[in-house]
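Structure at a glance
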Amino acid sequence: MKTNFETERLYLRPTSLDDADINLKLLNTEEFKKYVGDRNVNTLDESREYLKNRNLPQIEKLGYGNFTLIKRDTGEKIGSCGLFHREGLDVVDIGFAFLPEYFGKGYGYEAASRILRAGFEEYGLQKISAITVKENVASQKLIEKLGLKFQKIVRIPNDPEDLLYYEISKQEWQKSN
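No experiment lies behind these values; they were computed from the predicted model shown. (Residues numbered from 1 in each chain as written. Predicted model: local features only at pLDDT ≥ 70, side-chain atom pairs only at ≥ 80, totals over all residues. Heavy atoms only, no water.)

A look at the overall build of the chain
Counting secondary structure elements, the chain contains six helices and eight strands. Each helix and strand of the chain, placed in order from N terminus to C terminus, yields the pattern β-β-α-α-α-β-β-β-α-β-α-β-β-α. For a compact globule of 177 residues, the expected C-alpha radius of gyration is about 16 Å, and the chain comes in at 15 Å, within 12% of that figure. Across its three principal axes, the chain shows a C-alpha extent of roughly 40 × 35 × 35 Å. (Helix = DSSP H or I, 4+ residues; strand = E, 2+ residues; numbered from the N terminus. Rg over C-alpha atoms; globule rule 2.2 N^0.38 Å.)

Here it is in structure tokens:
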């Protein structure tokens, strides 16, 4: 099963403990804390533990999960994007996070559309979902640009906020690609 991917400008590879640096930065951006939540990860060691406990088990079990995004021209780590089994959701969720200096440059769509394709073509998923808070308009726009359609308001365990739930089936995705 293929686990590394490329786009025009990015390398996408499964996140590892070597990515504790970018993970720490992403978890502590103002936007992540505001729209996703404060994970209380403040040191490189805490970041490694977070990855070891939250990200790596799913990659090891299913072969997919969080991917670190690396600019092909410079080798800089700029964000992450992945497919996640989330408690309270029946359908695998696509999620993404970027350092603020890379917002609005098309990297989100580039990475997420490649991960969506991998979900359907490489990992055999039949549906993919996305969730976001209603205040995160940028994420909503990206989710909709990817072709996911709003379905309903949901809540997931240990999260008090209402979340907008979007979904796309493999058949819908194939028609648009």
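So much for the structure itself; the text now carries on.
Details of the nonpolar core
Counting 41 residues, the largest nonpolar core has Leu12, Leu83, Ile94, Leu116, Tyr123, Ile128 and Leu148 as the members making the most contacts within it. A per-element tally of this core places helix α4 (residues 107-121) first, with seven residues. Once you skip the residues sitting within four places of it in the chain, Ile128 turns out to touch Leu83, Val91, Val92, Ile94, Leu116, Gly119, Phe120, Leu148, Tyr166, Glu167 and Ile168. Membership of the second largest hydrophobic core comes to eight residues, among which are Ile131, Val154, Ile156 and Tyr165. (Core = buried A, V, L, I, M, F, W, Y, C linked by side-chain atoms within 4.5 Å. Buried < 20%, exposed > 50% of the residue type's maximum accessible area, 1.4 Å probe, protein only. Contact = heavy atoms within 4.5 Å.)

Here's the deal with the packing of aromatic side chains
All chains considered together, the criterion is met by six aromatic pairs. Between Tyr64 and Tyr123, the ring centres sit 4.9 Å apart and the planes meet at 40°, which makes this aromatic pair tilted. Of the two residues, Tyr64 sits in the loop between α3 (44-62) and β3 (66-71) while Tyr123 sits in the loop between α4 and β6 (127-132), which places them 59 residues apart along the sequence. Judged by relative accessible area, which is 6%, Tyr64 ranks as buried. Here the aromatic rings of Tyr102 and Tyr107 are separated by 5.9 Å at their centres, their planes lie at 80°, and the arrangement is edge-to-face. By way of ring pairs, the aromatic residues Phe5, Tyr64, Phe67 and Tyr123 are connected into one cluster. Here the guanidinium or amino end of Arg9 rests over the ring plane of Tyr107, the centre of that ring lying 3.9 Å away. The ring of Tyr165 is capped by Lys152, whose NZ or CZ atom sits 5.3 Å from the centre of that ring. (Phe/Tyr/Trp six-rings, centres within 6.5 Å; stacked < 30°, edge-to-face > 60°. Lys NZ or Arg CZ within 6 Å of the ring centre and 35° of its normal.)

With respect to the side chain of Lys71
Considering the arrangement of structural elements, one finds Lys71 in strand β3. Those residues in contact with Lys71 that lie beyond four places of it in its chain are Arg9, Leu10, Glu76, Ile78, Tyr102 and Tyr107.

Quick word on the pattern of salt bridges
Taken as a whole and assessed by the stated rule, the structure comprises 13 salt bridges. For Glu6, the salt bridge goes to Arg72, with nearest N and O atoms at 3.0 Å. Of this pair, Glu6 sits in strand β1 (residues 5-6) while Arg72 sits in the loop between β3 and β4 (77-84), and the two are 66 residues apart along the sequence. Among the salt bridges present, the one from Asp19 reaches Lys77, with a minimum N-O distance of 3.0 Å. Placement of Asp19 in the loop between β2 (10-14) and α1 (20-27) and of Lys77 in strand β4 is noted, with a sequence separation of 58 residues between them. (Salt bridge = Lys/Arg side-chain N within 4 Å of Asp/Glu carboxyl O.)

With respect to unusual backbone geometry
Non-glycine residue Asn40 carries a positive phi angle of around 55°. Counting through the fold element by element, Asn40 comes out in the loop between α2 (30-35) and α3. By relative accessible area, Asn40 is classed as exposed at 56%. Phi at Asn158 takes a positive value of approximately 65°, unusual for a residue other than glycine. Relative to the helices and strands, Asn158 is located in the loop between β7 (149-154) and β8 (163-169).

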